[in-house]
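Each chain is listed here by its residues.
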Amino acid sequence: MITQKSLHSLTAGCALLAFAGAAQAETVLTFNWWIPPTHLQRTEVMNPWAEAVAEATNGEVRIEFTTTSLAPPPRQPELVADGVVDLVLGVHGYTPDRFVNAGVMELPFMATTGEHASIAYWRAYEEFFAETNEHGEGVRVLAHYVHSPGTVMARERTLDSIDDFNGLLVRAGGGTQDRVVDALGASVVSSPAPTTYELMANGVVDATLMTPDGYTSFNLADHVQTQLLIPGGLFNSSFFVLMNEDAYARIPEEHREAFDALTGEYLSALGGRGFDTVSNAALQQMIDDGRTVNTADEALVAAIQERVAFLEEEWIERAEAERGLDGREVIDFLRAQMADLADE
């Protein structure tokens, strides 16, 4: 005989089983986060992406960001390959000797806009780079993207000619960025972008390679007076989003198609577009604040191109020697893709 008490117990037990089943159905993906959570890569890119993933999978696949980083920025690939976390965001330029393919997007004059360059970059990855498996075993590449064209911000000096770089002490992010600064006749302080505020505030450097968003993203308003815009970018940074393959396998089969649709070109474009959105707003803010913003004229662009042309040739040689790629074909492909995107 079923009593009221036993019926209540049975109902409670079924509820617990249902709750347990729901909990098991939810797939939580841990994303290691090492950039300030207020930075645009979180607010404009990864938060919206995480929300889109949750919505597309009816809340059954959820992304959680760590509150502190579990490894320094250059160690992100190892962190995800070893399965410590499920997802990472990284910068190829922090370990330039390890990554060859990404070098093409770090070259000067290789970005029209962040979004267009990022879409072209992902298409080049699928066309040329994927088969080289540069990120190693056990990881899945979800996105490659770049920021808006790189500029130079200075504490005081207005940069109007190539000679204005002489004797300038400039923060750069390592790898190709350092070599660009050196080619321009300036001296390099190699340090990641998040250190820019401290270096500028303390007068350690005279200027910094930066994207326009850095004016607001890194709170540089009190320490920057000028910005030089270079069409195509004086430099570019290449970002990657990697996922552990075992973590990908945990995504329920019925949701993988939806998840896949939000990676690749979709996530790459989102990354570049996030930089463009904030960069445009920050550039306007800098102008509103009465700072000097100038665009390199034809003479300055030509002088810069002459000094940095060797970097493109070096990358072409390295791509062939180390990855078996026709580097010139890759560069032509990227520029053609960006031109087509600009015409759409």
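Residues numbered from 1 in each chain as written. Predicted model: local features only at pLDDT ≥ 70, side-chain atom pairs only at ≥ 80, totals over all residues. Heavy atoms only, no water.

Undergrad: Where do I start with the overall build of the protein in this structure?
TA: From N to C terminus, the protein includes 12 helices and 11 strands. Taken along the three principal axes of its C-alpha coordinates, the protein extends 95 × 45 × 40 Å. Taken across its 344 residues, the protein has 51% of its residues classed as buried. A total of about 15300 Å² of accessible surface is found on the protein, and carbon and sulfur atoms cover 49% of it. The averaged location of the 52 negative side-chain charges in the protein is 6 Å from the averaged location of its 20 positive side-chain charges. (Helix = DSSP H or I, 4+ residues; strand = E, 2+ residues; numbered from the N terminus. Buried < 20%, exposed > 50% of the residue type's maximum accessible area, 1.4 Å probe, protein only. Areas by Shrake-Rupley, 256 points an atom, 1.4 Å probe, with all protein chains shown as cover. Lys, Arg positive; Asp, Glu negative; His and termini not counted. Charge placed at Lys NZ, Arg CZ, Asp CG, Glu CD.)

Undergrad: In this structure, what is going on with the pairing of strand β10 (residues 238-244)? I would like to understand it.
TA: Two faces make up the sheet, and in a regular strand the side chains alternate between them. Burial within β10 is extensive, with 7 of its 7 residues counted as buried. Direction of pairing for strand β3 (residues 87-91) relative to β10: antiparallel, over a ladder of 5 bridges. By the bridge assignment, Val88 is partnered in β10 with Leu242. With 7 bridges connecting them, strand β4 (residues 139-146) and β10 associate as antiparallel partners. Considered in β10, the bridge of Val146 is made with Ser238. (Pairing = 2+ DSSP bridges.)

Undergrad: For this particular structure, what's the right way to read the packing of aromatic side chains?
TA: The geometry of an aromatic ring pair is captured by the separation of the ring centres together with the interplanar angle, meaning the angle of the planes. The full count for this structure, using the stated rule, is 11 aromatic pairs. A centroid spacing of 4.7 Å and a plane angle of 35 degrees characterise the contact between Trp122 and Tyr125, whose relative ring orientation is tilted. Of this pair, Trp122 and Tyr125 both sit in helix α4 (residues 114-129), 3 residues apart, which is roughly one turn of the helix. Classification of Trp122 by relative accessible area gives buried; the value is 6%. In this arrangement the basic side chain of Arg42 is found over the ring face of Trp33, its NZ or CZ atom lying 5.3 Å from the centre. Arg140 extends its terminal NZ or CZ atom over the ring of Tyr248, reaching a point 3.8 Å from the ring centre. (Phe/Tyr/Trp six-rings, centres within 6.5 Å; stacked < 30°, edge-to-face > 60°. Lys NZ or Arg CZ within 6 Å of the ring centre and 35° of its normal.)

Undergrad: For this particular structure, what's the right way to read the sheet that holds strand β6 (residues 169-172)?
TA: By way of backbone hydrogen bonds, the strands of a sheet pair with one another, either parallel or antiparallel. The 6 strands are arranged β7-β6-β8-β5-β9-β11 in an open sheet whose pairing can be described as mixed. Of all the strands in the sheet, just β7 (187-190) and β11 (292-295) have a single pairing partner and so form its edges. In this sheet, adjacent strand axes meet at a mean angle of 25 degrees when their direction is disregarded. One ladder, built from 4 bridges, connects strand β5 (residues 151-154) with strand β8 (residues 207-210); its direction is antiparallel. Residue pairing for β8: Val152 is matched across the bridge by Leu209. (Axes fitted to C-alpha atoms, helices over the stretch in contact; angles between N-to-C directions.)

Undergrad: Which parts of the structure should I look at to understand a negative patch on the surface?
TA: Residues Glu126, Glu127, Glu317, Glu320, Asp326, Glu329 and Asp332 make up a contiguous surface patch of negative charge. Residue assignment for the negative patch shows that the elements contributing at least two residues are α4, α11 (298-323) and α12 (327-343). Along the polypeptide, Glu317 turns up in helix α11. (Patch = residues over 30% accessible without salt bridge, like charges linked within 9 Å, V, L, I, M, F, W, Y side chains within 5 Å. Salt bridge = Lys/Arg side-chain N within 4 Å of Asp/Glu carboxyl O.)

Undergrad: Could you clarify how one ought to interpret the environment of Ser237 in this entry?
TA: Within the fold, Ser237 resides in the loop between β9 (226-229) and β10. On the basis of relative accessibility, which here comes to 11%, the residue Ser237 falls in the buried class. On a C-alpha basis, the gap between Ser237 and Ala102 in space is 8.7 Å, while along the polypeptide they are 135 residues apart. Non-local contacts of Ser237, meaning those with residues more than four positions away in its chain, are made with Tyr145, Val146, His147 and Gln177. Side chain to side chain, Ser237 and Gln177 meet in a polar contact 3.0 Å long. (Contact = heavy atoms within 4.5 Å. Polar contact = N/O pair within 3.5 Å; in protein donor to acceptor, adjacent residues only side chain to side chain.)

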